[in-house]
Amino acid sequence: MQIDIITLFPEMFEGAFSYSILKRAQTKGHVVIRLHNLRDWSFNKHKTVDDYPYGGGAGMVMMVEPVVRCLEELRSKTTYDEVIYLSPDGEMLNQPLANQLSTRQNLLILCGHYKGIDERIRTHFITREVSIGDYVLSGGEMAAVVLTDTIVRLIPGVLNDETSALSDSYQDNLLSPPVYTRPADFRGLKVPDILLSGNDKEIAKWRYEQSVERTKQRRPGLLSK
Ligand code: SAH
């Protein structure tokens, strides 16, 4: 898979993409992540990428020309399955959407900033708009990290134990059961006996029941799906 990210702040991604699973996925060749600084497609020497909103009001708006020039250049070299704009009014990111996007070959992600991007980009050049939640961030960069992480960990081979992504919360519309590790007794706080029993069948049953119970309590809406 290839993920191209257009941003005004490529440095913001450095830490996020250099550790743990995202790093390993790149090293092992499961994903190529390329960062593109939008200012490189500015049309003047001041590297302007934003301007005042027509009609007045607070905040700057990302201009149509640099974004479209950048999109066109990238699209001349790669065919993208989706051109995604991160936006608080987009389709809500959830596990089914992450699963779906993880099966794509090439994704292009555009991070907004300031008041957002000129509407003409959204109408004519974006194929999908994704929100990571009902709140407003200062820019699309954090959202792009979240989206990239949740997609990349689903690519087959990225996680060591392939079943571990499948047993995560939200796959099958169930939340994960509680997990424990050593010691079995921490200051009198005990691990449930069943997990120490060695009885795989009973353990699987207990985990399933815990998942259902937890989902009932915390996300009852999932059970009706
Ligand atoms: N004025 C806009 C918010 C702009 S926030 C509005 O009220 O809708 C600046 C940028 O941050 C956006 O262009 C978008 O790319 C990103 N962003 C903010 N909140 C986000 C969210 N919940 N999900 C995804 N991207 C978000």
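Refer to the structure above for everything that follows.
Quantities reported herein were computed from a predicted structural model and do not represent experimental measurements.

Undergrad: Sorry if this is basic, but what is going on with the pattern of salt bridges here?
TA: Any two side chains of opposite charge can pair if their charged atoms end up close together. Applying the stated rule across the entire model yields 10 salt bridges. Residue Arg128 pairs with Glu91 through a salt bridge whose shortest N-O separation is 3.0 Å. Here the residue Arg128 occupies a position in strand 7 (residues 128-131), and Glu91 occupies one in strand 5 (residues 82-92), the gap between them amounting to 37 residues. Relative accessible area serves as the criterion here: at 14%, Arg128 is assigned to the buried category. The partly exposed category is assigned to Glu91, whose relative accessible area is 34%. In this structure, Asp168 engages Arg153 in a salt bridge whose closest nitrogen and oxygen atoms are separated by 2.9 Å. With Asp168 in the loop between helix 6 (163-166) and strand 8 (185-186) and Arg153 in the loop between helix 5 (140-152) and helix 6, the pair connects residues that are 15 residues apart, well separated along the chain. Residue classification places Asp168 among the partly exposed residues on the basis of a relative accessible area of 25%. Among the residues examined, Arg153 registers a relative accessible area of 24% and is labelled partly exposed. By sharing partners, the salt bridges in this structure join Glu82, Glu91 and Arg128 into a single network.

Undergrad: Is there a simple way to think about the environment of Gln100 in this case?
TA: If you trace the backbone, Gln100 turns up in helix 3 (residues 95-101). For Gln100, a relative accessible area of 33% translates into the label partly exposed. As for Gln100 and Thr79, which are separated by 21 residues in sequence, their C-alpha atoms are 18 Å apart.

Rules and cut-offs
- Residues numbered from 1 in each chain as written.
- Predicted model: local features only at pLDDT ≥ 70, side-chain atom pairs only at ≥ 80, totals over all residues.
- Heavy atoms only, no water.
- Salt bridge = Lys/Arg side-chain N within 4 Å of Asp/Glu carboxyl O.
- Helix = DSSP H or I, 4+ residues; strand = E, 2+ residues; numbered from the N terminus.
- Buried < 20%, exposed > 50% of the residue type's maximum accessible area, 1.4 Å probe, protein only.

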